[in-house]
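# Geometric and topological summary
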Amino acid sequence: EDRVDLVLQPIVSLLQRKRILNEVYTRIRDEAGDTITPGQYIAIAEREGIVTALDNLMLFRCVQQLRNRQGGDGNFGFFLNISPHTLADTKFFNDFFVFMTENSSLAQDLIFEFSHATIANQDDEIRHQLRRLAALGFRFLLDQVSSLNLDYGAPAEQHI
């Protein structure tokens, strides 16, 4: 019912406090218009199998925003979280790849964010999908890192 919102949190440089990028968050509003946060809805969305649909909706809205701003503010890129459910959905990811191929001109402004656990436990299919996106020029961010004692070589090879 169009109650899923794209919320942007500016990422600013420390000295100039100039916006560099925006982190994208999903918020859902209930019938009364009150905000339901991810902490409240993620478990339900996972159980109902709609996390990939939410990721898809946010991706589409980010691409729309970037297209509308092309040629405008050079600091309007996005960090967009992609869930492990979306990465594991081969059919969706193939459609996702086609969509991103059609929008590869936005690669410098759209950085995909994955949890450390997702990347640390990825299988060959996920590695393949990430290589395909990287070949289009897309970059990746590692999120929810619990320790800095990592093997930095493997993520660097995947453009993370």
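Going along each chain's sequence as written, the residues are numbered from 1 onward. Totals for whole chains, interfaces and linings use every residue, but because this is a predicted model, local features are given only for residues with pLDDT of at least 70 and side-chain atom pairs only at 80 or more, for both listing and counting. To obtain the side-chain values, all non-hydrogen atoms of the structure were used and water was disregarded.

### Regarding the packing of helix α2 (residues 51-69) against helix α4 (residues 90-102)
Whenever a helix is involved, its axis is fitted only over the stretch in contact; in every case the axis is a line through C-alpha atoms, and angles between N-to-C directions fall within 0 to 180 degrees. For helices the rule is a DSSP run of H or I covering at least 4 residues; for strands it is a run of E covering at least 2, with both sets numbered from the N terminus onward. Running from N to C, α2 and α4 cross one another at 0°; their axes reach a closest spacing of 12 Å. Classified by the interaxial angle, the pair formed by α2 and α4 is roughly parallel. Residues T52, N56, L59, F60 and V63 of α2 form the contact with α4, whose participating residues are F92, F96, F99 and M100. We call Asp, Glu, Lys and Arg charged. Ala, Val, Leu, Ile, Met, Phe, Trp, Tyr, Cys and Pro are nonpolar, and the rest, Gly among them, are polar. For the contact of α2 with α4, the residue count by class is seven nonpolar, two polar and no charged. Working rule for angles: under 35 degrees goes down as roughly parallel, over 145 as roughly antiparallel, 65 to 115 as roughly perpendicular, anything else as oblique. In this description, contact between two residues means that some pair of their heavy atoms is separated by no more than 4.5 Å.

### Some points on the side chain of E113
The topology assignment puts E113 in strand β5 (residues 110-115). Apart from the residues lying within four places of it in its own chain, the contact partners of E113 are E23, F79, L80, N81, I82, L141 and D143.

### Some points on the packing of α4 against helix α6 (residues 124-135)
Packing of α4 against α6 leaves a shortest axis separation of 10 Å and a crossing angle of 10°. As far as their axial angle goes, α6 and α4 are roughly parallel. The residues of α6 that touch α4, namely those facing T90, F93, N94, F96, F97 and M100, are E125, Q129, R132 and L133. The residue inventory of the contact of α4 with α6, partitioned by class, reads five nonpolar, three polar and two charged.

### Points about the confidence of the model for the chain
Each residue carries a pLDDT score, the predictor's confidence in it, ranging from 0 to 100. Chain-level statistics for the chain give a pLDDT mean of 85 and a share of 93% at 70 or above. Within the chain, the lowest mean pLDDT, 69, falls on helix α7 (residues 153-157), and the highest, 91, falls on strand β3 (residues 35-36).

### Some words on the packing of aromatic side chains
Aromatic ring pairs: the centre-centre distance and the angle between the two ring planes describe each pair. Working definition: rings of Phe, Tyr and Trp (its six-membered ring) pair if their centres are within 6.5 Å, and the pair is stacked with planes under 30 degrees apart, edge-to-face with planes over 60 apart, and tilted otherwise. The tally for this structure, following the rule as stated, stands at six aromatic pairs. Taken together, a centroid distance of 6.2 Å and an interplanar angle of 35° make the contact between F60 and F99 tilted. Of this pair, F60 sits in helix α2 while F99 is found in helix α4, placing the two residues 39 residues apart along the sequence. Residue class for F60 comes out partly exposed when judged on its relative accessible area of 39%. Judged by centre distance (5.9 Å) and plane angle (25°), the rings of F92 and F96 are stacked. Note that F92 and F96 are positioned in helix α4 at a spacing of four residues, about one turn of the helix. Here the aromatic residues F92, F93, F96, F112 and F138 are joined through ring pairs into a cluster of three or more. The criterion is that NZ of a Lys, or CZ of an Arg, lies within 6 Å of the ring centre and within 35 degrees of the ring normal, and then a charge sits over that ring. Over the aromatic face of F97 sits the side chain of R132, whose NZ or CZ is 3.7 Å from the ring centroid. Exposure categories follow from relative accessible area, calculated using a 1.4 Å probe and restricted to protein chains: below 20% of the type maximum is buried, above 50% is exposed, and the middle band is partly exposed.

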